[in-house]
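An overview of the molecular structure
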Amino acid sequence: LQSLLQGANPEEHARLEEERIRISEAAKKFGTDPTAINGYYELNYANNTFSNNLRTNTVNADVRLPLTPNWVLRVTLPYVWADLDLTRGLTTNGTSDMTVRSGHRIYASPDVALFIGTDVVFPTGSNDRLSTGKYTLGPAGAAAIPLPRLRSLLITTVQDFNSVGGDPSRAD
């Protein structure tokens, strides 16, 4: 197993180590590594069509600010266009709930990076169809593991959101 992960000889070990670094740097540069502490801003667009005929188009405004070399603040605000019921032609659009993440990279090596933080969701939706109506708070953790033989990065994220306030008529 060690030779599979680290290389069977010194040359292969060096090649795999270089590939680990390249994969981690590429993920950091493109903003896909949740453990990276880098600043960027981004607008991204997504179109979703679900089996129950629900269709959504979403633009996310995402800003990530490094506060220290291992501490980051990230703010995401989505704008959603939703076709909620095609038979009746019911549509809505507007801002959805804003998410703020603050977190710290607790460990980083060429083999793994670990990140822990807190996510807070604010009910900033422009209408009740696009908002939970609740303030939610919860811990988050992420790990990024470069897989040089597969030329890929394995990312796992764990989150737990809990309602801490907001509209009492809305379900938690």
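Look up: the structure comes first, before these words.
Quick summary incoming for the structure in this document. Predicted model only: the values in this text are computed from it and were never measured.

Quick notes on the side chain of glutamate 12
- Within the secondary structure, glutamate 12 sits in helix H2 (residues 10-30).
- Only 2.9 Å separates the side chain of glutamate 12 from the side chain of arginine 149, close enough to count as a polar contact.

Things to note about a nonpolar patch on the surface
- A surface patch of nonpolar side chains, about 540 Å² in accessible area, is lined by Tyr41, Val63, Leu65, Leu67 and Trp71.
- Per-element tally for the nonpolar patch: the top contributor is strand S2 (residues 55-68), with three residues.
- Mapped onto the fold, tyrosine 41 is located in strand S1 (residues 40-49).
- What makes tyrosine 41 exposed here is its relative accessible area of 73%.

A closer look at the packing of aromatic side chains
- Tallied over the entire structure, the rule returns two aromatic pairs.
- Measuring from centroid to centroid gives 6.1 Å for phenylalanine 122 and tyrosine 135, while their planes differ by 90 degrees, and the two rings are edge-to-face. With phenylalanine 122 in strand S6 (residues 113-122) and tyrosine 135 in strand S7 (residues 134-147), this pair connects stretches of sequence that are 13 residues apart.
- Exposure remark for phenylalanine 122: the relative accessible area of 30% places this residue in the partly exposed category.

Thresholds, definitions, all that
- Residues numbered from 1 in each chain as written.
- Predicted model: local features only at pLDDT ≥ 70, side-chain atom pairs only at ≥ 80, totals over all residues.
- Heavy atoms only, no water.
- Helix = DSSP H or I, 4+ residues; strand = E, 2+ residues; numbered from the N terminus.
- Polar contact = N/O pair within 3.5 Å; in protein donor to acceptor, adjacent residues only side chain to side chain.
- Patch = residues over 30% accessible without salt bridge, like charges linked within 9 Å, V, L, I, M, F, W, Y side chains within 5 Å.
- Areas by Shrake-Rupley, 256 points an atom, 1.4 Å probe, with all protein chains shown as cover.
- Salt bridge = Lys/Arg side-chain N within 4 Å of Asp/Glu carboxyl O.
- Buried < 20%, exposed > 50% of the residue type's maximum accessible area, 1.4 Å probe, protein only.
- Phe/Tyr/Trp six-rings, centres within 6.5 Å; stacked < 30°, edge-to-face > 60°.

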